[in-house]
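This is what each chain is made of:
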Amino acid sequence: MATEILMPALSPTMEEGTLAKWLVKEGDEVASGDLLAEIETDKATMEFEAVDEGIIGKILIAEGTEGVKVNTAIAVLLEEGESADDIATSAPAAPAAAEAEAAPAAVEAAAPAAAPAAAAPQAADGTRIFASPLARRIAADKGLDLTQITGSGPKGRIVKADVENATAAPKAAPAAAPAAAPAAAAAPTGPSADMVAAMYQDRAYEEITLDGMRKTIAARLSEAKQTIPHFYLRRDIKLDALLAFRSQLNKQLEARGVKLSVNDFIIKAVANALQAVPEANAVWAGDRVLQMKASDVAVAVAIEGGLFTPVLRDADQKSLSSLSTQMKDLASRARERKLAPTEYQGGSFAISNLGMFGIDNFDAIVNPPHAGILAVGSGVKKPVVGADGELTVATVMSVTMSVDHRVIDGAVGANLLQAIVDNLENPMSMLA
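What you see is a predicted model, and the numbers here were worked out from it, not measured in a lab. The residue count restarts for each chain, going from 1 along the sequence in the order it is written. Local features in this predicted model are restricted to residues whose pLDDT is 70 or higher, and side-chain atom pairs enter the listing and the counts only when it is 80 or higher, whereas totals over whole chains, interfaces and linings include all residues. In computing side-chain values, all of the structure's heavy atoms are included and hydrogens and water are not.

*Asks:* Explain helix H6 (residues 212–227) to me, and be specific about the residues and the numbers.
*Replies:* Along an α-helix, residues three or four apart share an orientation, since each turn contains 3.6 residues. Over its 16 residues, H6 extends 22 Å from the first C-alpha to the last, a length consistent with the 22 Å expected when each residue adds 1.5 Å. Relative accessibility decides the category of a residue: with a 1.4 Å probe and only protein chains considered, values under 20% of the type maximum give buried, values over 50% give exposed, and everything between is partly exposed. The helix and strand labels rest on DSSP assignments: H or I over at least four residues marks a helix, E over at least two residues marks a strand, and numbering proceeds from the N terminus. Where H6 is concerned, the buried positions are Met213, Thr216, Ile217 and Ala224. Buried residues of H6, seen end-on, are gathered within an arc of 100 degrees and therefore sit on one face of the element. Whether two residues are in contact is decided by their heavy atoms: any pair within 4.5 Å suffices. Among the structural elements, strand E9 (230–238), strand E13 (301–303) and strand E14 (306–308) are those in contact with the buried residues of H6. What a helix is expected to span follows from its residue count: subtract one and scale by 1.5 Å. In this description, one arc is meant: the one made by directions from the helix axis to the C-beta atoms.

*Asks:* Please set out the packing of helix H8 (residues 262–276) against helix H11 (residues 410–425) residue by residue, giving values where relevant.
*Replies:* Fitted lines through C-alpha atoms give the axes, limited to the stretch in contact for helices. The angle between two N-to-C directions lies from 0 to 180 degrees. It is the contact of H8 with H11, at a shortest axis distance of 8 Å, that shows an interaxial angle of 135 degrees. What the angle tells us is that H8 and H11 run oblique. As for the relative orientation of H8 and H11, their crossing is right-handed in sense. Where H8 approaches H11, its residues Phe265, Ile266, Ala269, Val270, Asn272, Ala273 and Leu274 are matched on the opposing element by Leu416, Ala419, Ile420, Asn423 and Leu424. Amino acid classes used here: Ala, Val, Leu, Ile, Met, Phe, Trp, Tyr, Cys and Pro are nonpolar; Asp, Glu, Lys and Arg are charged; the rest, including Gly, are polar. In terms of residue class, the contact of H8 with H11 is built from 10 nonpolar, two polar and no charged. Each angle is binned into one of four classes, with values under 35 degrees roughly parallel, values over 145 roughly antiparallel, values of 65 to 115 roughly perpendicular, and all other values oblique. The crossing is said to be left-handed when, going from far helix to near helix, the turn is anticlockwise and less than a right angle, and right-handed when the turn is clockwise.

*Asks:* An account of H8 is needed here, citing residue identities and associated values.
*Replies:* Over its 15 residues, H8 extends 21 Å from the first C-alpha to the last, a length consistent with the 21 Å expected when each residue adds 1.5 Å. Along H8, 12 of the 15 residues are buried, which leaves the element largely enclosed by surrounding structure.

*Asks:* I'd like to hear about the sheet that holds strand E18 (residues 391–404), residue by residue, with values.
*Replies:* At least two bridges found by DSSP between two strands are what make those strands a pair. Taken together, six strands build an open sheet; the order of strands is E9-E18-E17-E16-E12-E15 and the sheet is mixed. Strands at the two margins of the open sheet, each flanked by one partner only, are E9 and strand E15 (311–312). Note that strand E12 (residues 297–299) and strand E16 (residues 349–353) share three bridges and pair parallel. Of the residues in E16, the one forming a bridge with Ala298 is Ala350.

*Asks:* Tell me about the layout of surface pockets, and please be specific about residues and values.
*Replies:* Note on definitions: the grid is 1 Å and covers protein atoms alone; a cavity is a set of points where a 1.4 Å probe fits but cannot get out; a pocket is an open set with protein on both sides within 12 Å along at least five of seven lines; lining residues have an atom within 4 Å of a point. Grid points are joined across faces, edges and corners, and a volume is the space filled by probe spheres set on the points. Empty space within the largest pocket amounts to approximately 1100 Å³. As for the largest pocket, its lining consists of 44 residues, of which Val299, Ala300, Val301, Phe308 and Thr309 are closest to the centre. Elements with a contribution of two residues or more to the lining of the largest pocket: H6, H8, E13, E14, helix H9 (320–335) and E16. Per-element tally for the lining of the largest pocket: the top contributor is H9, with five residues. For the lining of the largest pocket, the class distribution of residues is 24 nonpolar, 14 polar and six charged.

*Asks:* Pulling in residues and values, what's your account of the pairing of E18?
*Replies:* The element E18 is largely enclosed, with a buried count of 11 among its 14 residues. When E9 meets E18, the two strands line up antiparallel, connected through nine bridges. Each residue of the ladder has a partner; that of Tyr232, found in E18, is Ser402. Two elements, strand E17 (residues 372–385) and E18, share 12 bridges in a ladder whose sense is antiparallel. The residue bridging Pro383 from the neighbouring strand is Val393, located in E18.

*Asks:* Could you give an account of the environment of Val289, with specific residues and numbers?
*Replies:* With respect to the helices, strands and loops of the structure, Val289 is situated in strand E11 (residues 289–291). The class of Val289 is partly exposed, set by a relative accessible area of 39%. Residues Val289 and Pro369 lie 80 residues apart in sequence; the distance between their C-alpha atoms is 9.7 Å. Those residues within four positions of Val289 in sequence are excluded, and the remaining contacts are Ala282, Val283, Trp284, Arg406 and Val407.

*Asks:* Any details on the pairing of strand E4 (residues 35–40)? Residues and values, ideally.
*Replies:* Relative to E4, strand E2 (residues 16–22) runs antiparallel, the two being bridged by four bridges. Within E4, the position partnered with Thr18 by the bridge is Glu40. Where E4 and strand E5 (residues 45–49) come together, five bridges link them in antiparallel fashion. By the bridge assignment for E5, Ala37 is matched with Phe48.

Function cannot be read off these values alone, since they describe shape.
And the structure:
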């Protein structure tokens, strides 16, 4: 039986992508693990592998097509003995018109005289179970209930490997349909695009189409600001001891081609602070909190059209020179959009530094599921009162820590920020 190859979700934030290039053509035989296409996500260009064997019977989405929604049929895979003439419309019935429009090519591919495709298996609540034809056949031979098997393919699709080692279990009795939940009130939104355009119809402007990255940033930050109960903690940090220590270290590291930045010290200070205040080294997981063991620190990197937050894993265990080298590599590849998803996913805490742009202070938005983000301003010379009560001049950096109150309470946040301040004002302690 012909089966669809679906547009995969290649990153947690991906909702649509560009089918940049097909690496196969109609009639090609493919096996599990073979490369099928290059997909441009909201973050990078990645290769997409086959999860089943078969023959490429029909390519439904042409290469270069933008805005292909995740889970849209992009090609049809045939079993041995089938031909393209056997292809029938196999897309699941969409409950809404918008879903039906998501894959017009799949509808156009249907042969008018073809017999209807066999009904796909469904769960007790009527939800379609996505499984490859080979997986269905093996399940039928072994008497397996597909509703009891978790799929490892794209979007949870059940593939051959999932059923080969499974054992038969009795099928669950159909459950009564749950009562329909009351419709939730729609979240308030701003004026529509047409309304905004109408406001400025007598003014000259250039319309800039949003790319995938900018759409994702807009959606995630809007969601974060609306759903995360932020609170903010602010401190001034004296940098004179750090600047002197940094200058001394850079002279010693010059022969190795290493030059430490203030940001490298900030990363190390945050990583060590997360170890000193472990209850703050956590992430929000919907109905629970995950307290992390290692200090995985994300750092915002501005790129053309958006930003990345590459993650420095185990930052508390790395030397300043190692962090500096790794950060430069991650930032360079982020600007080229060559980071793998594993390099910008995860972490429990983030740093956003706009000090190099002359910004004194600002409030950053927590990037879920992180519990907090440190917004770093520039270091400027200011009059301060010394320990002996006399007025002196010091280089002072203002920071604001935005915190998810679901994960971190006020006192815990204050302790974390105090630990960061202590590390930066006593930089030699970070090497102990």
